[in-house]
Amino acid sequence: MAHPAILQPDPAVMSRRDEILKQLKKRVPDTVFITDEEGRRTFETDALTAYRCMPLAVALPGSTEAVSAIMAYCWENDIKVVARGAGTSLSGGALPSEDSIVVCISRMNRMLKIDEDNRVAQVESGITNLAISQAVAPRGFFYAPDPSSQLACTLAGNIAMNSGGAHCLKYGVTVNNILGLKLVLVNGEVIELGGDYLDQPGYDLMGLMVGSEGQLAIVTEATVRIIKMPEIARPMLLGFPSSEAAGACVAAIIGAGIVPVAIEFMDKPAIHVCENFANAGYPLDVEAILIVEVEGSEEEVALLLERIAEIAEDHELQHKRISQSAEESAAIWKGRKSAFGAIGQLSDYFCMDGVIPLSRLPEALLRVAELCRAYGFDVANIFHAGDGNLHPLILYNANEEDELARAEACGAEILKVCVELGGCLTGEHGVGIEKRDLMPFQYTEADLVQMMRVKSVFDPDWQLNPAKVFPLSARELL
Amino acid sequence: MQPRFHAPETVEDLADLLLGYAQEGLPVEVRGLGSKLGYGRPVQTAAVVSTEKFDEITLYEPSELVLSAGSGTPLAKIEKLLDENGQQLAFEPFDLPPVLGGKPGEGSIGGVFATGLSGSRRVLSGAARDHILGVKAVNGRGEAFKAGGRVMKNVTGYDLSKLLTGSCGTLSVLTEITMKVLPKPEQSSTLLFFDVPEAAAIELLCKAMGSPFEVSGAAHLQPGLAAGLSDKPLRERAESVTALRVEGFEGAVRYRAAKLKQKFAAFSDLTELSGDRSRRFWSDIRQVRPLQSAGRPLWRISTAPSRAADLVAALRHTIDLKALYDWSGGQIWLETGATSDANAVELRRILADFGGYATLVRAEPGIRASADVFQPLEMRLMEITRALKASFDPAGILNPGRMYSGV
């Protein structure tokens, strides 16, 4: 797979750059604009660093009104807009185009209201994921979706990609935890959906907005569900002699009527790197581990861990360790959550995000291994096992000519396998630019056309986050 | 004149049929098994298209928590199969048919998702739309398409499955639905507090929901409503009833119920239902059994729990009503006196000060034709709604007017 093409910049916009920036600054005075080359460089890529493109300018608005004014100006002047949170997208979701204004929402990071009675919090969308949980923690609450990048990533980005995390097996992903949104439409109009009550009248526009990758509107505020912390949450480490045994154990746990808060899987290469990095106490003599977390009262936690351990005994269990303290639990999770960073210190990597039906896990792992071997890459597997969301990390060397292109090609083959096994291209990272051209493997023309028609309802000229999600040629089908 | 009735057997036949009607610009009524025809604005069309022939469970993998079924599959058939495997639909689909004069448990899975109404467990486990993983459907252009898939997590493209959930057949005809299923709790236990005044009762429910004890049902019945329950001893209680449910493994349920009793020890008039008695109580709530008087309009209001009691008090000044609160007070079922518009204008005027929305769930067809059954949308949202309708169904042939005039 060659690098996905980026649209040719609009010459009419490029030639008017100075005038556009002058007008924008005049119309939206309370916004910080970054126009110099040095400053813009920060925004030319996101966490998918293989792709870079310098935007026309970057706007850092401080209010919904400012976002609205920027959007209205861009609408009147046919200028494309790329919404950005913290730029942690792994799919190139925040990659700008040369002729676009990046609207970076990160300055809008205030907690507006915590409402314990109704168990909701109202926030500006540029707040980081972790900051929400931290703000409500003194009252014993937390915000459930917890992507690995939660320290940095914004809620706005989570909403755009419908982010998940390790604990979504029990608590759901972003869309299941949002009650209200304030949005700026492409022409600058502001609308509100839902609120501090459940569900909404009419069509489920909130369900549509979450996961729409910044292509339908820009979210400036949200009302999120907050949840009371459990009395006790406790992880257990289980080690197995093979990935197959670990996979079968996951299916057996769920089959037994137990849905833990999280079931995370790591294979041997991932275990070794993470253990080296975080000293989490992972066993090094096993082929795969599961981190299984359960919660509830002391008695309930003990009972569930015992039942799960019994099930694991039937699946060639090699190693078992139940966390004995808050510190030990934190260390176990630190190893898992720092996995991407730890691997990044050793090698360049390309992180996949395919999903498969759990029953096809052994086959999927086998085929991932075969593909990586055929392409000559090492692979480390980390994934949310409870919901079949695989994150194979393809390790490559960016300094070697062609290696990135081959790693991408290998990744594309892996995602095709996921689709072939009944799964999908992306479970929580989004399509972005990275998987745009793979969409026809999962969807027929008719499927894509219906999605694109919906896009056109909100963004008739396709000005929002251009060249993402749909193959460039697909728009001709409309 | 009787409308022409179609029950296509294949997706291709359905697509051809809809294409034909679209070309002629002739509207069709979309239905599953017809158990919820009294919901929404009445639709008058020359033809009816039923999904009743799409009635097979096409995939069930208990250990993957996933089930796919044709949209015309009876809900009862799905719930029976799940039950045999110790699983359930965790959003506890609201049992609409008995509210509209039908029998409990009637209807198709397509109807469950097309109306998108969730039961008491919604406060803990999410709504119908939170459990839909994927759909296959035919739009008003006669094009078969799919959205989503069969895996638990999927952000590949826009989530059209959620958009179709609750759209009452106005965007597309669902042909197959894939949903998340979950283990059925081993034990169910319900604490009932009697004679707690309304505002204090809602506060109790909110406190319980804000506890770590995983309350999976939080309801309040005004005085007199217990008479409409199926449990005989409870029927004799004239006072208000405030209910909290906990579910899960036996030991955990015992523990949580005890903790809740301790937490609310100030409310001393209480009783505990467990096992089947607890399940029967919530099955009554699932069909608002105490509010099934034919002839009286029934409203469903969604608002913030903390404002619910004040809202009902404000409504009571001018509207003759009985209220059953669910979802910790966030969902209010309101049976009102019959007036020419089922109190629609007055109710929404007062609701506007509190926030939320109201749906007229039961009323005479004449009233449903003239009053706003679904909450009127703000102008810009209505424009978006119309444009979305046109993107799926440009000729406007699918259930036209069922939700909103011109949609």
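One can find the structure itself at the top, above this paragraph.
Residues numbered from 1 in each chain as written. Chains lettered and ligands numbered in written order. Predicted model: local features only at pLDDT ≥ 70, side-chain atom pairs only at ≥ 80, totals over all residues. Heavy atoms only, no water.

**Concerning the overall build of chain A**
No. 1: The helix and strand tally for chain A stands at 17 helices and 18 strands.
No. 2: Taken against the 2.2 N^0.38 rule, which gives 23 Å for 478 residues, the C-alpha radius of gyration of chain A at 23 Å falls within 12% of a compact globule.
No. 3: Seen through its principal axes, chain A has C-alpha atoms that stretch 70 × 55 × 45 Å.
No. 4: Split into buried and exposed, the 478 residues of chain A put 64% on the buried side.
No. 5: Pairs at least 24 residues apart make up 72% of the contacts formed inside chain A by residues separated by at least 6 positions.
No. 6: Accessible surface computed for chain A: about 16200 Å², of which carbon and sulfur atoms make up 49%.
No. 7: When the 39 basic and 66 acidic side-chain charges of chain A are each reduced to a single mean position, those positions are 6 Å apart. (Helix = DSSP H or I, 4+ residues; strand = E, 2+ residues; numbered from the N terminus. Rg over C-alpha atoms; globule rule 2.2 N^0.38 Å. Buried < 20%, exposed > 50% of the residue type's maximum accessible area, 1.4 Å probe, protein only. Contact = heavy atoms within 4.5 Å. Areas by Shrake-Rupley, 256 points an atom, 1.4 Å probe, with all protein chains shown as cover. Lys, Arg positive; Asp, Glu negative; His and termini not counted. Charge placed at Lys NZ, Arg CZ, Asp CG, Glu CD.)

**Here we look at the sheet that holds strand β15 (residues 298–302) of chain B**
Residue and element names in this part refer to chain B.
No. 1: Within the open sheet, the eight strands sit side by side as β14-β11-β13-β12-β16-β17-β15-β18. Their pairing is antiparallel. Only two strands of the sheet have a single neighbouring strand rather than two, namely β14 (270–274) and β18 (357–362). Taken pair by pair, the neighbouring strands of this sheet meet at an average axis angle of 20°, ignoring direction.
No. 2: In terms of strand pairing, strand β16 (residues 321–326) meets strand β17 (residues 331–336) through six bridges, oriented antiparallel. The residue bridging Tyr325 from the neighbouring strand is Ile332, located in β17.
No. 3: Lying on the sheet, helix α8 (residues 250–263) is in contact with β11 (187–194), β12 (215–221), β13 (241–248) and β14; it crosses β13 at an angle near 150°.
No. 4: Packed onto the sheet, helix α9 (residues 276–286) meets β11, β12, β13, β14 and β16 and runs at close to 70° relative to β11. (Pairing = 2+ DSSP bridges. Axes fitted to C-alpha atoms, helices over the stretch in contact; angles between N-to-C directions.)

**Remarks on the nonpolar core**
No. 1: Ranked by internal contacts, the top residues of the largest apolar core, which has 220 residues, are A:Leu155, A:Leu290, A:Phe458, B:Ile109, B:Leu160, B:Leu244 and B:Phe281.
No. 2: If one sorts the elements of this core by residue count, helix α15 (residues 403–420) of chain A sits on top with nine residues.
No. 3: Leaving out residues up to four positions away in the same chain, B:Phe281 has contacts with B:Thr190, B:Leu192, B:Leu221, B:Leu229, B:Leu234, B:Ala243 and B:Leu273.
No. 4: Within the second largest apolar cluster, 26 residues are counted, among which are A:Val67, A:Tyr73, A:Ala156 and A:Leu464. (Core = buried A, V, L, I, M, F, W, Y, C linked by side-chain atoms within 4.5 Å.)

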